[in-house]
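Chains, contacts and geometry: an overview
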Amino acid sequence: MPSRLINTFLIAFISIFLAAPAFAWDDVGHKITGYIAWQRMSPKARENVIKVLRSAPEDSHLSVYYQSYGVRSEADKQLEYFMLVPTWADIVRDRAFPVRYEKYHKGDWHYTSVFWREVGGRTELIAGKKPDGQAIEKLAEFEKALRDPAVSDRDKAIALAWFLHIGGDIHQPLHTSSRVTDLEAEGDRGGNTFLISPQGTPRADQQNLHWFWDSIVPRNIPFDFGFCEGCYVKHIAEAFTSRYSFEAEKDGLALSNYVQWKDESLKLAQTDVFRSDLKRFETPSDAYRRNALRVSEYRLTLAGYRMGETLNDIFGK
Ligand SMILES: [Zn+2]
């Protein structure tokens, strides 16, 4: 193997296994959405999507995640690759690769946070305050690029990786919300400033509400699959899709209606995230945790169906 190729593989390996990003649905969440989308996709859509992704620019490291060696079937290799792609937008946060970081990391593409507050038990939007972040605009922009025959596969690969990632993120309620309180006059940045650790906890050990929701699935479903992370993701995703079937959800997918997807999440932030039993500086109750898990399972499943059907429409013809 030429040394340049070995370097590329090493970079891919290090990025995947050491970067350990924890922003927005953590990587398990994004892989679950990828797995569910893949199950929805037609053979033609799968083939076209893999072809586009493997045309990605070399400096993105996106195409090298396709591991063509090993004894797994071609179908398994494609699925593994496709599940990894939605996590790429978090992998590029790693500053150990400054060139990739400078070119591809875009912090405010991961959310569209609407400013709101509670007044006398009711919620109201903050008049005149523009939402923070560009997730909604970017989803529409990337869908347009993916449909455009004049856009190269090279550029479509990056658009697709972002589309899959943001499509997941926008289903996390706290990616659409910035709650304004007396303590957080400029908003709570998606629950990042709302601590659930006791007051006085050293900064490095503090846990916040955003983290609680991002990581709720792997924290509540034990990993019992040796080294097979793919088996773990499959196990979880199949439990979710049997609970929330495609048949039951298909009429409410609202494909391409990113404003609706965001509005659903914002509503959940107001009703299910900031429930009256949630207290600052306290671990959320068992009842709260169980409900948060249920909401997250549903949102991840819906994101998977929406991504899969959108890609069928774009690439399945
Ligand atoms: Zn994200």
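Our subject is the structure that appears above.
**Let's talk about the environment of D76**
Structurally, the position occupied by D76 is in helix α4 (residues 74–84). Using a count of 12 C-beta atoms within 10 Å as the deciding quantity, one classes D76 as exposed. Taking the C-alpha atoms as reference points, D76 and G230, separated by 154 residues in sequence, lie 9.7 Å from one another.

**Quick notes on helix α3 (residues 43–53)**
The α-helix winds at 3.6 residues per turn, so residues separated by three or four positions along the chain end up facing the same way. Considered for burial, the residues of α3 that qualify are A45, V49, V52 and L53. Down the axis of α3, the buried side of the element spans an arc of 95 degrees, and every buried residue falls inside it. With respect to the buried face of α3, the exposed residues turned more than 90 degrees away are P43 and K44. If you follow the buried residues of α3, they end up packed against α8 (153–169) and α14 (286–315).

**Here we look at the pairing of strand β1 (residues 114–119)**
Of the strand pairs in this sheet, β1 and strand β3 (residues 177–179) are connected by 3 bridges, and their pairing is parallel. Residue pairing in the sheet places V114 in a bridge with S177 of β3. Bridge analysis of β1 against strand β2 (residues 122–125) gives 4 bridges, and the strand direction is antiparallel. Across the sheet, the residue bridging to E118 is T123, located in β2. Once β1 ends, the chain turns through 2 residues before running back antiparallel as β2, passing G120 with a positive phi of about 55 degrees.

What counts, and at which threshold
- Residues numbered from 1 in each chain as written.
- Predicted model: local features only at pLDDT ≥ 70, side-chain atom pairs only at ≥ 80, totals over all residues.
- Helix = DSSP H or I, 4+ residues; strand = E, 2+ residues; numbered from the N terminus.
- Buried ≥ 20, exposed ≤ 12 C-beta atoms within 10 Å, placed from the backbone.
- Arc of directions from axis to C-beta.
- Contact = placed C-beta atoms within 7 Å.
- Pairing = 2+ DSSP bridges.

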